[in-house]
Amino acid sequence: MTPMTDIYKGDISKLVPFAPNKTTKELGIDTRRKFVVVTNGEILSCYMDDNSDCPWFQRGDKDVSKEKEAINWSSLAYLPEEGKPEAKPVKSKSLLRPAVRKVLEQEIEYMEREAERLEKGAARAKRLREAVEGLRGV
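Residues numbered from 1 in each chain as written. Predicted model: local features only at pLDDT ≥ 70, side-chain atom pairs only at ≥ 80, totals over all residues. Heavy atoms only, no water.

S.K.: Even after reading the chapter, I still don't get the overall build of the protein chain, so can you show me in this structure?
M.R.: Scanning the protein chain from N- to C-terminus turns up 2 helices and 5 strands. Within the protein chain, contacts between residues at least 6 apart in sequence are counted, and of these 57% link residues at least 24 apart. (Helix = DSSP H or I, 4+ residues; strand = E, 2+ residues; numbered from the N terminus. Contact = heavy atoms within 4.5 Å.)

Given below as structure tokens:
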């Protein structure tokens, strides 16, 4: 790092890095935003995205992509925007699209109704068996 490097002043342990081995497109990253290196707090910007997991970054006006260590998405997080809280991992957020969720919920409801119908059929079959056994005894 050079003395001219912008450093994130917040708590870097609260930043959530991007998933490893994924491209910008797969992660849905907005490359116009600034990023923080989650290990040292350096603030970087993406200046050329080649749709790999390791695009080209710069620190201020200096290209850092040709330095010793490659910088990839799994070592970065979005720089929190002014006035907005730092991103926290969402544990229970569904990743299903609403339309897919609706179809799955309908399928579950159908299966529950079908299970209930089968249980009623099994109970009726049991009663009929008992009646047949009773007739045999006569």
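S.K.: Sorry if this is basic, but what is going on with the packing of aromatic side chains here?
M.R.: The description of two aromatic rings rests on the distance between their centres and on the angle between their planes. Across all of its chains, the model carries 5 aromatic pairs by this definition. Each ring, one from F18 and one from F35, has its centre 6.3 Å from the other, and the planes form 65°; the classification is edge-to-face. One end of the pair, F18, is in the segment before α1 (24–27); the other, F35, is in strand β1 (residues 34–37), with 17 residues separating them in the sequence. Judged by relative accessible area, which is 0%, F35 ranks as buried. Joined through ring pairs, the aromatic side chains of F18, F35, W73 and Y78 make up one cluster. For the cation-ring pair, R33 lies above Y78, with the distance from its terminal atom to the ring centre recorded as 3.9 Å. (Phe/Tyr/Trp six-rings, centres within 6.5 Å; stacked < 30°, edge-to-face > 60°. Buried < 20%, exposed > 50% of the residue type's maximum accessible area, 1.4 Å probe, protein only. Lys NZ or Arg CZ within 6 Å of the ring centre and 35° of its normal.)

S.K.: I tried to follow the nonpolar core on my own but got confused; where do I start?
M.R.: Across soluble globular proteins, nonpolar side chains show a tendency to be buried alongside one another. One finds F18, I29, F35, V37, L44, C46, F57, I71, W73 and L76 forming the largest nonpolar core, which totals 10 residues. For this core, the elements supplying multiple residues, two or more each, are β1 and β2 (43–48). One finds Y8, V36, V38 and L79 within the second-largest nonpolar core, a separate group that totals 7 residues. (Core = buried A, V, L, I, M, F, W, Y, C linked by side-chain atoms within 4.5 Å.)

S.K.: What exactly am I supposed to notice about the pattern of salt bridges here?
M.R.: A side chain with one charge can pair with a side chain of the opposite charge if their charged atoms come near. All told, the structure shown has 3 salt bridges when counted by the stated rule. E114 serves as the salt-bridge partner of R117, at 2.4 Å between the closest nitrogen and oxygen. Placement of the pair is R117 and E114 together in helix α2 (residues 98–136), with a separation of 3 residues, close to one helical turn. Note on R117: relative accessible area 49%, which makes it partly exposed. Judged by its relative accessible area of 25%, E114 is partly exposed. (Salt bridge = Lys/Arg side-chain N within 4 Å of Asp/Glu carboxyl O.)

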